[in-house]
Amino acid sequence: MADSIDILKKLALQVRNASSAGENTAERVGRTLVGILELIGKANIDELAKYFIRKDKEDETEYIVKFLSGIEFGQFVSGLLGTGGAVQIDDDGCSHAEFDYLTIRKVALFIELIIQEAKHVGGMLIVSPSGMTISKVEETDTAYRCYFERTDGDRTLQNQFTVGTQARRQTFNLTNQAYYWRLVTEVGDDYVDLSKTDCDTGSTIPLAGDELVGLGHRTDKTRQSAIIISAFGTDSPSIKYYQGIDSYNLVDKAVKMDYYDPVSGRFKSVTYGDTYVGAKDGSTYMKYDQENGVEVKGVLHIENGSTGAGNIKDLPEEVQKAAEFAVKVGGVNLLLNSGFTGNYETEELEADTMLEEESELYSKALLHWSGVATVQEDIESASGRSAVIGSLSQSVNLIPDETYVISYKAKGEELAVSCGDYNVAQPLTSEYVRYTHRFTFTGTGVFLVSGTATVCDLQLERGTIATDWSQSPQDNDKSMSEFQTLKYLADAIKNGSVDILGGLILANVIQLGNYKDGVLQKVTAILSGIYNDDDDVAFASGGDMEKAIYTVMKYKDNPSYQPTEEELLHMAKAVITHGGRSIFNDVIIRGYVYAIGGRFLGDIEAKTLQLGITTNEDEETCDGACVYFSNLGLLPELQEGRCREIKMIVPLVTRLLVTYRFKGENDNVKIAINGNYLDRGIEFTASGSGGSAFLLVGTTYNNETIWSVFSLNDTAKEILNTMLPE
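Residues numbered from 1 in each chain as written. Predicted model: local features only at pLDDT ≥ 70, side-chain atom pairs only at ≥ 80, totals over all residues. Heavy atoms only, no water.

A.B. asks: Looking at this structure, I do not really get the overall build of the protein. What am I missing?
C.D. replies: In terms of helices and strands, the protein carries 8 helices and 38 strands. The proportion of buried residues among the 726 residues of the protein is 31%. Across the protein, every contact between residues at least 6 apart in sequence was considered, and the portion connecting residues at least 24 apart equals 54%. For the protein, the computed accessible surface area is about 48,500 Å², with 52% contributed by carbon and sulfur atoms. (Helix = DSSP H or I, 4+ residues; strand = E, 2+ residues; numbered from the N terminus. Buried < 20%, exposed > 50% of the residue type's maximum accessible area, 1.4 Å probe, protein only. Contact = heavy atoms within 4.5 Å. Areas by Shrake-Rupley, 256 points an atom, 1.4 Å probe, with all protein chains shown as cover.)

A.B. asks: So what exactly am I meant to see when it comes to unusual backbone geometry here?
C.D. replies: Across residues other than glycine, the phi torsion is negative in most instances, and most of the peptide bonds are trans. If you check the backbone angles, Asp401 has positive phi at about 65° while not being a glycine. We note that Asp457 has phi near 55°; this positive angle belongs to a residue other than glycine. With respect to the helices and strands, Asp457 occurs in strand 24 (residues 446-462).

A.B. asks: Would you explain the sheet that holds strand 7 (residues 143-147) in this entry?
C.D. replies: The pairing of strands in a sheet comes from backbone hydrogen bonds and takes either a parallel or an antiparallel form. Read from one edge to the other, the open sheet built from 7 strands follows the order 5-11-8-9-10-7-6, with strand pairing classed as antiparallel. The open sheet has two free edges, formed respectively by strand 5 (131-133) and strand 6 (136-139), since each of these has just one partner strand. If you compare each strand with its neighbour and ignore which way they point, the axes differ by 35° on average. Two elements, strand 6 and strand 7, share 4 bridges in a ladder whose sense is antiparallel. Bridging across to strand 7, Lys136 finds its partner in Tyr147. (Pairing = 2+ DSSP bridges. Axes fitted to C-alpha atoms, helices over the stretch in contact; angles between N-to-C directions.)

A.B. asks: What's the story with a nonpolar patch on the surface in this structure? I'm lost.
C.D. replies: Taken together, the side chains of Val277, Met286, Tyr288, Val294, Val296, Leu300 and Ile302 make up a nonpolar region of the molecular surface, amounting to roughly 670 Å² of accessible area. Elements that contribute at least two residues to the nonpolar patch include exactly strand 17 (285-289) and strand 18 (293-297). Within the fold, Leu300 resides in the loop between strand 18 and helix 4 (317-323). (Patch = residues over 30% accessible without salt bridge, like charges linked within 9 Å, V, L, I, M, F, W, Y side chains within 5 Å. Salt bridge = Lys/Arg side-chain N within 4 Å of Asp/Glu carboxyl O.)

A.B. asks: I'm lost on the sheet that holds strand 3 (residues 95-98) in this one. Help?
C.D. replies: Strand order in the open sheet formed by 3 strands is 1-2-3, with antiparallel pairing between adjacent strands. Whereas interior strands pair on both sides, the edge strands pair on one side only; in this sheet they are strand 1 (70-77) and strand 3. Averaged over all pairs of adjacent strands, the angle between strand axes in this sheet comes to 15°, irrespective of strand direction. Where strand 1 lies against strand 2 (residues 83-89), 5 bridges are found, and the strand directions are antiparallel. Residue pairing in the sheet places Phe73 in a bridge with Gly85 of strand 2.

A.B. asks: Please explain the nonpolar core as it appears in this structure.
C.D. replies: One broad rule of soluble globular proteins: the nonpolar side chains tend to lie buried together. Counting residues in each nonpolar core, the largest one holds 27 residues, and the members touching the most others are Leu415, Cys419, Phe447, Leu458 and Leu460. Looking at this core, the elements with two or more residues in it are strand 20 (385-395), strand 21 (403-419), strand 23 (433-440) and strand 24. For this core, the element with the highest residue contribution is strand 21, accounting for 7 residues. When residues no more than four places from it in sequence are discounted, the contact partners of Cys419 are Val396, Leu398, Ile406, Phe439, Phe441, Thr442, Val446, Phe447 and Leu460. Counting residues in hydrophobic clusters, the runner-up holds 16 residues, among them Val523, Ala548, Ile549 and Tyr555. (Core = buried A, V, L, I, M, F, W, Y, C linked by side-chain atoms within 4.5 Å.)

A.B. asks: Hey, could you run me through the side chain of Gln459 in this one?
C.D. replies: Structurally, Gln459 is set in strand 24. One polar contact links Gln459 to Asn333, side chain to side chain, over a distance of 3.4 Å. Residues contacting Gln459, with those up to four places away along its chain left out, are Asn333, Leu335, Val405, Ile406, Ser407, Thr467, Asp468, Trp469 and Ser470. (Polar contact = N/O pair within 3.5 Å; in protein donor to acceptor, adjacent residues only side chain to side chain.)

A.B. asks: How do you make sense of the environment of Leu506 when you look at a structure like this?
C.D. replies: With respect to the element layout, Leu506 can be found in strand 26 (residues 504-506). Accessibility expressed as a relative area gives 38% for Leu506, which makes it partly exposed. Considering only alpha carbons, one finds Leu506 and Gly529, 23 residues apart in sequence, at a separation of 9.5 Å.

A.B. asks: Explain the pairing of strand 3 to me, please; I cannot follow it from the model alone.
C.D. replies: A regular strand carries its side chains on alternate faces of the sheet. Where strand 2 meets strand 3, 4 bridges bridge the pair, whose relative direction is antiparallel. Counted as the bridge partner of Ala86 is Glu98 from strand 3. Here strand 2 hands over to strand 3 after 5 residues, with Gly93 in that stretch at a positive phi of 85°.

A.B. asks: In this structure, what is going on with a negative patch on the surface? I would like to understand it.
C.D. replies: A cluster of like negative charges, contributed by Asp533, Asp534, Asp535 and Asp557, occupies part of the molecular surface. By secondary structure assignment, the location of Asp533 is in the loop between strand 28 (519-528) and strand 29 (537-541). (Lys, Arg positive; Asp, Glu negative; His and termini not counted. Charge placed at Lys NZ, Arg CZ, Asp CG, Glu CD.)

A.B. asks: Help me understand the pattern of salt bridges, please; the structure alone is not making it clear to me.
C.D. replies: Close approach of charged atoms allows side chains with opposite charge to pair. Summed over the entire model, instances satisfying the criterion amount to 15 salt bridges. Between Arg169 and Asp210 there is a salt bridge; the shortest N-O distance is 3.4 Å. Separated by 41 residues along the polypeptide, Arg169 in strand 8 (residues 165-170) and Asp210 in the loop between strand 10 (191-199) and strand 11 (211-217) bring together distant segments of the chain. Grouping residues by exposure puts Arg169 and Asp210 together as buried. In this structure, Glu402 and Arg462 form a salt bridge, with 3.0 Å as the shortest nitrogen-oxygen distance.

A.B. asks: Help me understand helix 6 (residues 545-555) in this model?
C.D. replies: Given 3.6 residues per helical turn, the α-helix brings residues three or four places apart onto the same face. The buried fraction of helix 6 amounts to 8 of the 11 residues, a majority that puts the element mostly inside the structure. Every buried residue belonging to helix 6 is among Met545, Ala548, Ile549, Tyr550, Thr551, Val552, Lys554 and Tyr555, and all of these are buried.

A.B. asks: Help me understand the packing of aromatic side chains, please; the structure alone is not making it clear to me.
C.D. replies: Remark: the centre distance and the inter-plane angle together describe each pair of aromatic rings, the angle taken between the planes. Under the criterion given, the structure shown has 12 aromatic pairs. One aromatic cluster is present, formed by Tyr404, Tyr422, Phe439 and Phe441 through successive ring pairs. The residue whose ring lies beneath Arg145 is Tyr191, and the NZ or CZ to ring-centre distance is 4.1 Å. Just above the ring of Tyr144 sits the side chain of Lys196; from NZ or CZ to the centre is 5.5 Å. (Phe/Tyr/Trp six-rings, centres within 6.5 Å; stacked < 30°, edge-to-face > 60°. Lys NZ or Arg CZ within 6 Å of the ring centre and 35° of its normal.)

A.B. asks: What am I meant to see in the side chain of Ser130 here?
C.D. replies: On the secondary structure map, Ser130 appears in the loop between strand 4 (124-127) and strand 5. Judged by relative accessible area, which is 5%, Ser130 ranks as buried. If sequence neighbours within four positions are ignored, Ser130 has contacts with Gln160, Phe161, Thr165, Val213, Gly214 and Arg223.

Spelled out as structure tokens, the structure:
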């Protein structure tokens, strides 16, 4: 068999060392493989057993077998209640053996022997570095000298106490109770001295037969820890782990507690120290340490009602989008010209304006910014541009104590970001990374970035979740409407056509205006059939397509938007979108208006105004509502700085005297008759006949809500009477 192995080795080497093309033929490789298979087929267990120790039955060898890391027997579990056995080698090369039973037939040599016993615990078992049973006590001037039997004839025990140890004795459920906790001031081979004066309050005198344990140490931190297993107390049975015991007080020294809670009737486990729970290989775990907090690796299931997502940094994009339903999302960029694109308008120069080589005459890239930076084209930026800084700052108008989030992409060395009193130094990498910072605003409204970095997609939003970059609504939309107009007209010219079938005209876009001498002097109205979405213009007048698009863009996301005088110059007078939104300067309606709801920012003037009971979705009376007395309910507490007005009418359905009550929803709401603040109370009862009218005005003052109740005069009552049906 040895010859066959040598032949196969030579064949295998020929295959491995072949270097010429075609040298390893199929015949050569196949012959080698067939030879290996034949050799394996000829081999038998007895032949192989000469070289390998068998695993399917008992075996032996006359040579030494080395186990470099150790060997385990059975299902090995370490500890007093463990199973199996083992001999292990640690990193220092020291061997550790652990067995249930060990029989030495002749002689056992022990350099050091420490005897530990497992005992029944009826009171308390303290696991600590030192312990002894007192055999006799001698009294000195300053201490009680407590001796212990160092040997029983066969065994010699070491003194485990050191100077500075706090020695404790305590008994439970005995006729003669004993308790003392005293400082060890001196140690000998077979004794310890317990201080007479340095001891816990109420300490008794040591006696022979006392079980003495070390519980804490004044200076040695390695002896300030202990485990107490207790069958005594309201929370027993319990196992408590202590650290830092350097006095006669265990308060706040427990770092781990496993105990029975008699109130809830449940077992509880509390850990204040560093903790690891998980797989040995670290594939999944939950880890806590006092410096870095909690770390979880693995699948985490979060139930409904969980909170705090707004405090998480660097959320994945998909998690951010899901979190928008649970946390505050601003979505409005408060930074002007954050894309460094300018306003797409030319500069208006004065006669004495001095021009330099670097002067920008069109769409200044650093408009609204102060500082030093170079703007460059950048395909990785959402706006197409980035800024290499120095430093850039911009004034912002933010709400004190409100939450904001800053987001940006940056690369370089380091970027300092500040806004008001908040500031952070962000280390960077050589590639773009998106960063977010959340803060509560205080201080002066100045946003600042500085450092050695390239930044883009800067965004400052109100809320806790950073959204995708977008320009500020206050940035110039006029240029965008110009581009959109060109797109409309180009689409109509390129793809459109006009067909006239009798009185029917089919066209994409019809522009109307002052047409003279074959030239359209000015476009004043548009009809457009181009539809991409509901915001596309269907009809506009008092302006061209550019003004119509600009108008729609301003009101698109905010129907209550109030344009400036400058913006009105660039808006059409009337616009109707394909989605049905109508934007007019003035509306005159001779018939009825039917609407689900509405909002009026000015005065309403009407010959007859019949108001029903108006409530919001929480069934609370709305600001300025007119209500019947039976629906007034409790007057609400208002937030600081809020003011509300309610008009109350006693209906004309009765001419009898009606009693009604004004009362707040809690004791912090006060009622002041005719606005008399000094005569306010928590409740006011009055009466009135049908047609009586009252005005209620709610304000806040000195952390109170004051509802002032004013009775309207007879003239006002007569007017109200004419407004209500008979």
